[in-house]
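Below are the chains, spelled out letter by letter.
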Amino acid sequence: MPPPQGRGIAGPGDDIPFAAPADPVPCFRILHVSTGNVCRSPITERLHRHALQERLGSPQAVRGCGLLVESAGTWGHEGAPMEAHAATVLADYGADPAGFIGRELLDEHVIRADLVLTATRDHRAQVISMGHSAGLRTFTLKEFNRLVRAIDPATLPAPDPDLPDSGLVERARALVGAAAALRGWLLAPNPESDEVYDPYGAPITFFRSIGDEINRALDPVVTALTGVPAPA
């Protein structure tokens, strides 16, 4: 059963008054990482959040609950807006580019993240080198896509509309564990297949091709996280 609309999606800047629930709502943080945090990771963050909203309904702005999607850059342009072409790509998909602010990747981001999805293998290595037991929860986006598609959805906890987070957090944690267990068995056909290349400085046509690549990589990930297939 799909979770009820409006539950369990938030962004790092959400701050809308709400009636606090009686029990704390669990949180699962997804961190997207690229280099500058002005092209690939902003596109991925906002497309991911947009896809979750499409599957689950309008976000209920409860900070620190459900699935929270963020991004940062290993050489992040702290405080910078996303690149104009990146914003155009997001608008193409109906996703919201407004209010984005670039961040440099910090230890605290890695410590808090339950799942880190990077643009490239180099980014993955940089995150893992920061420590914080990040190895089992850090993947490239395309690597995680490949692993998720091999996981039987029936082995994951089903969404539960009676829980404050609709059961999304338990399901997400189980998904990451299953993906980590598969990593040594399901290898990429070639190293380049796990890469999302940097469009910085490229024309809008290349940005759009990267946006399409990211969107296609996210689709099975969002389905696995939510238990809700993409709209027909």
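Residues numbered from 1 in each chain as written. Predicted model: local features only at pLDDT ≥ 70, side-chain atom pairs only at ≥ 80, totals over all residues. Heavy atoms only, no water.

Looking now at the overall build of the protein. From N to C terminus, the protein includes 7 helices and 5 strands. Residues counted as buried form 50% of the 232 residues belonging to the protein. Residue pairs in contact within the protein that sit at least 24 positions apart in sequence constitute 80% of those at least 6 positions apart. On the protein, roughly 10500 Å² of surface is accessible, and the fraction owed to carbon and sulfur atoms is 56%. (Helix = DSSP H or I, 4+ residues; strand = E, 2+ residues; numbered from the N terminus. Buried < 20%, exposed > 50% of the residue type's maximum accessible area, 1.4 Å probe, protein only. Contact = heavy atoms within 4.5 Å. Areas by Shrake-Rupley, 256 points an atom, 1.4 Å probe, with all protein chains shown as cover.)

Let's shift gears to the nonpolar core. In terms of nonpolar packing, the biggest core is built from 46 residues, with Phe-28, Ile-43, Leu-115, Phe-139, Phe-144, Leu-175 and Ile-214 touching the most fellow members. Breaking this core down by element, the ones donating at least two residues are strand E2 (27–34), helix H1 (40–56), strand E3 (66–73), helix H2 (84–92), strand E4 (115–118), helix H5 (141–149), helix H6 (168–182) and helix H7 (204–226). It is H7 that provides the largest number of residues to this core, a total of 9 residues. Those residues in contact with Phe-139 that sit more than four places away from it in its chain are Leu-115, Val-116, Leu-117, Thr-118, Arg-124, Phe-144, Leu-147, Val-176, Ala-179, Ala-180 and Arg-183. Core analysis: the next-biggest nonpolar cluster, separate from the first, contains 9 residues, Leu-31, Val-33, Val-127 and Ala-134 among them. (Core = buried A, V, L, I, M, F, W, Y, C linked by side-chain atoms within 4.5 Å.)

The next point concerns the pairing of E4. Residues Leu-115 and Leu-117 of E4 are buried on one face, and the alternating residues Val-116 and Thr-118, pointing to the opposite face, are buried as well. With 4 bridges joining them, E2 and E4 adopt parallel strand pairing. Within E4, the position partnered with Val-33 by the bridge is Thr-118. Across 3 bridges, the pairing between E4 and strand E5 (residues 138–140) is parallel. Note on E5: the bridge partner recorded for Thr-118 is Thr-140. At this point the chain moves from E4, through helix H4 (residues 121–129), to the parallel E5, and the crossover so formed is right-handed. (Pairing = 2+ DSSP bridges. Right-handed = clockwise from strand over helix to strand, strands pointing away.)

Moving on, we get to the confidence of the model for the protein. Of the residues in the protein, 86% reach a pLDDT of 70 or more, and the chain-wide mean stands at 87. Note that pLDDT drops below 50 for residues 1–8; the model gives that stretch 31 contacts with residues more than four away or on any other chain. pLDDT under 50 marks residues 13–22. Its contacts with residues more than four places away, or in other chains, come to 6 contacts. (pLDDT = per-residue confidence, 0-100.)

Think of an α-helix as turning once every 3.6 residues; residues three or four places apart then point the same way. Looking at H2, one finds that the buried residues are Ala-86, Val-89 and Leu-90. The arc that holds the buried residues of H2, viewed along the axis, is 100°, so those residues lie on one side. In the segment just after H2, Gly-94 is the residue with positive phi, at about 80°. (Arc of directions from axis to C-beta.)

For the structure shown, the criterion picks out 13 salt bridges. One salt bridge in this structure joins Arg-46 and Glu-45, with 3.2 Å as the shortest N-O distance. The exposure class assigned to Glu-45 is buried, which follows from its relative accessible area of 3%. Note that Arg-55 and Asp-219 form a salt bridge whose closest N and O atoms lie 2.9 Å from each other. Of this pair, Arg-55 sits in helix H1 while Asp-219 sits in helix H7, and the two are 164 residues apart along the sequence. (Salt bridge = Lys/Arg side-chain N within 4 Å of Asp/Glu carboxyl O.)

Regular strands place side chains that alternate from one sheet face to the opposite one. Along E2, 8 of the 8 residues are buried, which leaves the element largely enclosed by surrounding structure. Residues of E2 alternate between two faces, with Cys-27, Arg-29, Leu-31 and Val-33 on one and Phe-28, Ile-30, His-32 and Ser-34 on the opposite face, all of them buried. Bridge analysis of E2 against E3 gives 8 bridges, and the strand direction is parallel. Note that in E3 the partner of Val-33 across the bridge is Ala-72.

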